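Descriptive analysis of the structure
Letter by letter, the chains look like this.
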Amino acid sequence: SAKWLRRHSVTKPISVVPTGVPKGEFHTRAESRQRLGIPPDQKLLLYVGRLAKEKNLDVLFDGVSKVLASQPDCRLWLVGDGPYREDCQSLVRRLGIGDKVRFVGSVAREQVDRYYAAADLFVFASITETQGLVILEAMNYGLPAVAMAGGGAAEAITDGVDGLVARPEPQSLADAILSVLANEDLQASLSENALKTARAQGPEHSVDRILDVYRTVLEDRQDIRKGALV
């Protein structure tokens, strides 16, 4: 990331161009919820990604357990699989939320969008990501995210505009989730802006930004050559 390069004394100009995330097949919320068996009024938190220790899932579960203490009708679904699955299942049982957490498992990529369309809030605790690609995928469906500060995933969010960035600890994560679930106006605003963010970061926009970087570099090189000839 740009911050890492700056910390390592890189002084040259740095341009960050996020990877463009294409929009998949369109799914409506109502149809998706019906297909997945989700009641219309149930609040659904969604995680998409590998079930691995470095994804900070223990903090995610701890935070969600605090959410469920005041919002018992809420549910957490995890789409994806990995070596940490059994540990995750043990963790949620120990926290007493095993009946409110569903491990969906691996899902074909073309079907993941249906889960984005059906959910109310995307939740992500990992601070090891270099980019927030899954967050941008969720935003394609107007699904705002709550992520933890400290990694590339949080950098995909403009805090308070298209999602929320929590401190890297369970209570802050829970507070951020609850603030969205308890405020329909906030959720609607975040959702609308999440969709705008996704549209502004599609593949075509990434290509334009990359071309702009190349043009700038070429212009700078021409200026340097001209200076050398003077």
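So, here is what we can say about the structure in this document.

Overview of the overall build of the protein
Counting its regular elements, the protein contains nine helices and six strands. The buried share of the protein, reckoned over its 230 residues, is 43%. Long-range pairs, those at least 24 residues apart, make up 68% of the contacts in the protein with a sequence separation of at least 6. When the accessible area of the protein is evaluated, it comes to approximately 12400 Å², of which 52% is carbon and sulfur surface.

Structural notes on unusual backbone geometry
Its identity is not glycine, yet asparagine 56 carries a phi of approximately 65°, on the positive side. When you line up the elements, asparagine 56 lands in the loop between strand S1 (44-48) and helix H3 (57-70).

Here's the deal with the side chain of aspartate 162
One can find aspartate 162 in the loop between strand S5 (145-148) and strand S6 (163-166). We note that aspartate 162 is buried and unpaired, the nearest opposite charge coming from lysine 196 at a distance of 11 Å. At 2.6 Å, the side chain of aspartate 162 forms a polar contact with the side chain of threonine 197. Setting aside anything within four residues of it in sequence, one finds aspartate 162 in contact with Met139, Pro144, Ala145, Ala156, Ile157, Leu190, Asn193, Ala194 and Thr197.

Examining the nonpolar core
Residues Leu46, Tyr116 and Phe122 are the most contacted members of the largest nonpolar core, which totals 64 residues. The element that contributes the greatest number of residues to this core is H3, accounting for seven residues. Ignoring any residue separated from it by four or fewer positions in sequence, one finds phenylalanine 122 in contact with Leu46, Tyr47, Val48, Tyr116, Val134, Ile135, Ala138, Leu143, Pro144, Ala145 and Val146.

Re the sheet that holds strand S2 (residues 75-79)
Overall, parallel pairing links the six strands, which are arranged S3-S2-S1-S4-S5-S6 in an open sheet. Sheet topology places strand S3 (101-105) and S6 at the edges, where each strand pairs with a single neighbour. Pairs of neighbouring strands in the sheet enclose a mean axial angle of 25°, with direction left out of account. Bridging between S5 and S6 involves four bridges; their strand directions are parallel. Bridge pairing in S6 places valine 146 opposite leucine 164. Strands in contact with helix H5 (residues 109-118) are S1, S2, S3 and strand S4 (121-124); relative to S1, the strand with the most contacts, it is inclined by about 150°.

Some points on the layout of surface pockets
Space inside the second largest pocket adds up to approximately 280 Å³. What lines the second largest pocket is a set of 20 residues, among which Arg29, Ala117, Ala119, Asp120 and Gln187 lie closest to the centre. Elements that contribute at least two residues to the lining of the second largest pocket include exactly helix H2 (29-36), H5 and helix H8 (184-200). With three residues, the top contributor of residues to the lining of the second largest pocket is H8.

Details of the pattern of salt bridges
Using the criterion set out here, one finds twelve salt bridges in the structure. Note that arginine 33 is salt-bridged to aspartate 120, the shortest N-O span being 2.7 Å. With arginine 33 in helix H2 and aspartate 120 in the loop between H5 and S4, this pair connects stretches of sequence that are 87 residues apart. Assigned by exposure class, arginine 33 and aspartate 120 land together as buried.

Regarding the packing of aromatic side chains
Applying the stated criterion across every chain, the model contains six aromatic pairs. Where tyrosine 47 meets phenylalanine 124, the ring centres are 5.7 Å apart and the plane angle is 15°; that geometry is what we call stacked. On the criterion of sequence distance, the pair formed by tyrosine 47 in strand S1 and phenylalanine 124 in strand S4 is long-range, its members being 77 residues apart. Tyrosine 47 gets classed as buried once you look at its relative accessible area, which sits at 1%. In this structure phenylalanine 124 comes out as buried when scored by relative accessible area, which is 4%.

Cut-offs used in this document
- Residue numbers restart at each chain and count upward from 1, following the sequence in its written direction.
- Local features in a predicted model are, by the rule used here, given only for residues with pLDDT of at least 70; side-chain atom pairs are given and counted only at 80 or more, and totals for whole chains, interfaces and linings are based on all residues.
- Side-chain figures throughout are based on the complete set of non-hydrogen atoms in the structure, without hydrogens or water.
- Helix and strand assignments follow DSSP, with helices taken as H or I runs no shorter than four residues and strands as E runs no shorter than two, numbered in order from the N terminus.
- Burial classification: accessible surface area is computed with a 1.4 Å probe over protein chains only, and a residue below 20% of its type maximum counts as buried, one above 50% as exposed, and the rest as partly exposed.
- Residue contacts are counted whenever heavy atoms from the two residues lie within 4.5 Å of one another.
- Exposure was quantified through the Shrake-Rupley algorithm and a 1.4 Å probe, taking into account, for residues, occlusion by the shown protein chains and nothing else.
- Charged-residue counts in this description rest on Lys and Arg as positive and Asp and Glu as negative, His and the chain ends being excluded.
- Criterion for a salt bridge: a side-chain nitrogen of Lys or Arg within 4 Å of a carboxyl oxygen of Asp or Glu.
- Polar contacts, as counted here, are pairs of nitrogen or oxygen atoms within 3.5 Å of one another; within protein the pair requires one atom able to donate a hydrogen and one able to accept it, and residues that are adjacent in sequence qualify only if both atoms are side-chain atoms.
- Among buried residues, those of type Ala, Val, Leu, Ile, Met, Phe, Trp, Tyr and Cys that are joined through side-chain atoms within 4.5 Å constitute a nonpolar core.
- Pairing between strands is defined by DSSP: at least two bridges between them are needed.
- Helix axes are fitted only over the stretch in contact, all axes being lines through C-alpha atoms; the angle between N-to-C directions runs from 0 to 180 degrees.
- Buriedness for pockets is judged along seven lines, at least five of which must meet protein on both sides within 12 Å for an open set on the 1 Å grid over protein atoms alone, while cavities are sets there where a 1.4 Å probe fits but cannot get out, and lining residues have an atom within 4 Å of a point.
- Grid points are joined across faces, edges and corners, and a volume is the space filled by probe spheres set on the points.
- Only Phe, Tyr and Trp rings are paired, with Trp represented by its six-membered ring, and only when their centres lie within 6.5 Å; those with planes under 30 degrees apart are stacked, over 60 edge-to-face, the remainder tilted.

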